[in-house]
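Summary of structural features
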Amino acid sequence: DIQMTQSPSSLSASVGDRVTITCRASETILNFLNWYQQRPGKAPKLLIYGANTLQSGVPSRFSGSGSGTHFTLTISDLQVEDFATYFCQQGYSSPPITFGQGTRLE
Amino acid sequence: EVQLVESGGGLVQPGGSLRLSCTASGFTLSSDWMHWVRQAPGKGLEWVARINLDGSSRLYAVSVKGRATISRDNASNTLLLLMNSLTPEDTAVYFCARDRGLDEAFDVWGPGTLVTVSS
């Protein structure tokens, strides 16, 4: 199974900040990396697919980069609604599809 | 509006079974691969199962393999998950999700249904 490791597990920031979350795969997943945002009590929401393609309707302050085993999600100019938990997920090799453990942005 | 809505959650005795449904609206379920993903309270996301367009290919996580069956009723635009021999470790919110079709990215999610396994 491909293991996905996110860092940090939690992150403190303020409105207007720029933050970066890292996701590492235990082996290459090319660019089959997706990012989700989950607010408390809600379903996850797809933000970025294919490592760097913004899902329709997602604000441009979200961006993704990386390939192979190292990926990042960057949120610039943090807004109040961005304080949530973020998960990465690999879609390269299944089963199983695997997620990172999550990064809580507070 | 494209939507998924799960139903069938609730309290289940250990050793019991569950039958979860996921009804789609705003799109035709038969056009997409579909998944179940679960989230134990306070924990991360765990992929559970996937089914292809016509149901001929079904994949499962090791944690549920042999106990779970994913199926679809394209006529009623519904996805199903049956699972037996439940243990407290199966307690979770169960989400159905649509696969956008190219890279196993889940672009539509239901709100989830909570399954609690407890005596």
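Our subject in this report is the structure included herewith. (Residues numbered from 1 in each chain as written. Chains lettered and ligands numbered in written order. Predicted model: local features only at pLDDT ≥ 70, side-chain atom pairs only at ≥ 80, totals over all residues. Heavy atoms only, no water.)

A look at the overall build of chain A
Along chain A, the regular secondary structure elements total zero helices and eleven strands. In chain A, the order of α-helices and β-strands from amino to carboxyl end is β-β-β-β-β-β-β-β-β-β-β. What you see for chain A is a C-alpha radius of gyration of 13 Å, in line with the 13 Å of a compact globule of 106 residues. Seen through its C-alpha atoms, chain A measures out along the principal axes to roughly 35 × 20 × 20 Å. Sorting the 106 residues of chain A into buried and exposed places 50% on the buried side. Here the contacts in chain A between residues at least 6 apart in sequence split such that 55% fall between residues at least 24 apart. (Helix = DSSP H or I, 4+ residues; strand = E, 2+ residues; numbered from the N terminus. Rg over C-alpha atoms; globule rule 2.2 N^0.38 Å. Buried < 20%, exposed > 50% of the residue type's maximum accessible area, 1.4 Å probe, protein only. Contact = heavy atoms within 4.5 Å.)

Regarding the state of the cysteines
Taken as a whole and judged by the stated rule, the model has two disulfides over all chains. Here C23(A) is linked by a disulfide to C88(A), with a sulfur-sulfur distance of 2.1 Å. Classification of the bridge connecting C23(A) and C88(A) rests on its S-S torsion, roughly 70 degrees, and on that basis the disulfide is right-handed. Here C23(A), found in strand β3 (residues 19–25), pairs with C88(A), found in strand β9 (residues 85–90); they are 65 residues apart in sequence, far enough to count as distant. Given a relative accessible area of 0%, C23(A) falls into the buried group. By relative accessible area, which is 0% here, C88(A) ends up buried. Disulfide partner of C22(B): C96(B), at an S-S distance of 2.0 Å. (Disulfide = S-S within 2.5 Å.)

Note that all results are geometric; they support no functional claim without further evidence.
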